[in-house]
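Examining the three-dimensional arrangement
What follows is each chain in one-letter form.
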Amino acid sequence: MSSSSAASASSADTETPIAGDPVAGDIAWWFASMKAVAIRPGLWSTAVSQLVKLAPNGWWRRAPFLPIPDPSYFGFRLQTAYGDTEQAPPVDGLVTYLEWVKDWNATH
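The paragraphs below set out a description of the structure included in this document.

Conventions used here
Residues numbered from 1 in each chain as written. Predicted model: local features only at pLDDT ≥ 70, side-chain atom pairs only at ≥ 80, totals over all residues. Heavy atoms only, no water. Helix = DSSP H or I, 4+ residues; strand = E, 2+ residues; numbered from the N terminus. Buried < 20%, exposed > 50% of the residue type's maximum accessible area, 1.4 Å probe, protein only. Contact = heavy atoms within 4.5 Å. Areas by Shrake-Rupley, 256 points an atom, 1.4 Å probe, with all protein chains shown as cover. Phe/Tyr/Trp six-rings, centres within 6.5 Å; stacked < 30°, edge-to-face > 60°. Core = buried A, V, L, I, M, F, W, Y, C linked by side-chain atoms within 4.5 Å.

**Thoughts on the overall build of the protein chain**
- For the protein chain, the helix and strand inventory stands at 5 helices and 0 strands.
- Reading the protein chain from its N end, one meets helices and strands in the order α-α-α-α-α.
- In the protein chain, which comprises 108 residues, the share counted as buried stands at 26%.
- Across the protein chain, every contact between residues at least 6 apart in sequence was considered, and the portion connecting residues at least 24 apart equals 58%.
- A total accessible area of about 7000 Å² is found for the protein chain, and carbon and sulfur atoms account for 64% of it.

**What about the packing of aromatic side chains?**
- Per the stated rule, a full pass over the model turns up 5 aromatic pairs.
- Look at tryptophan 29 and phenylalanine 74: their rings are 6.2 Å apart centre to centre, the planes differ by 75°, and that puts the pair in the edge-to-face class. Of the two residues, tryptophan 29 is situated in helix α2 (residues 27-38) and phenylalanine 74 in helix α4 (residues 71-82); the sequence distance between them amounts to 45 residues. Neither tryptophan 29 nor phenylalanine 74 differs from the other in exposure class; each is buried.
- Taken together, the ring pairs connect Trp29, Trp30 and Phe74 into an aromatic cluster.

**Topic: the nonpolar core**
- Membership of the largest hydrophobic core is limited to 12 residues, which are Trp29, Ala32, Ala36, Val37, Leu43, Ala47, Phe74, Leu78, Ala88, Val91, Val95 and Leu98.
- Where this core is concerned, the elements lending two or more residues are α2, α4 and α5 (91-107).
- Examining the composition of this core, we find that 4 residues originate from one element, α2, more than from any other.
- Those residues in contact with leucine 78, other than ones at most four positions away along the chain, are Gly83, Asp84, Thr85, Gln87 and Pro89.

Quick look at the structure:
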């Protein structure tokens, strides 16, 4: 793979929304999101912090035993940010959000 095609593939990974409800189990969206964060070590601690803050209490007692945000909260955020709860947000929206949280925490 040439460097230009690698760059375009990387860009496509973060800009293209993946259809489906990520809370209901859109594995492709979660993997694309993890990849987008994994290649940005400066966002790792922010991502983990947000995951812990947004996870419902006792998440480890309920399937799928992952600290996934409450579906109603996630639906509300999708509706207010993108106007649609049926379409997964673009992965670059997650990266932008994490960068904003990091900047906010650094200034407050």
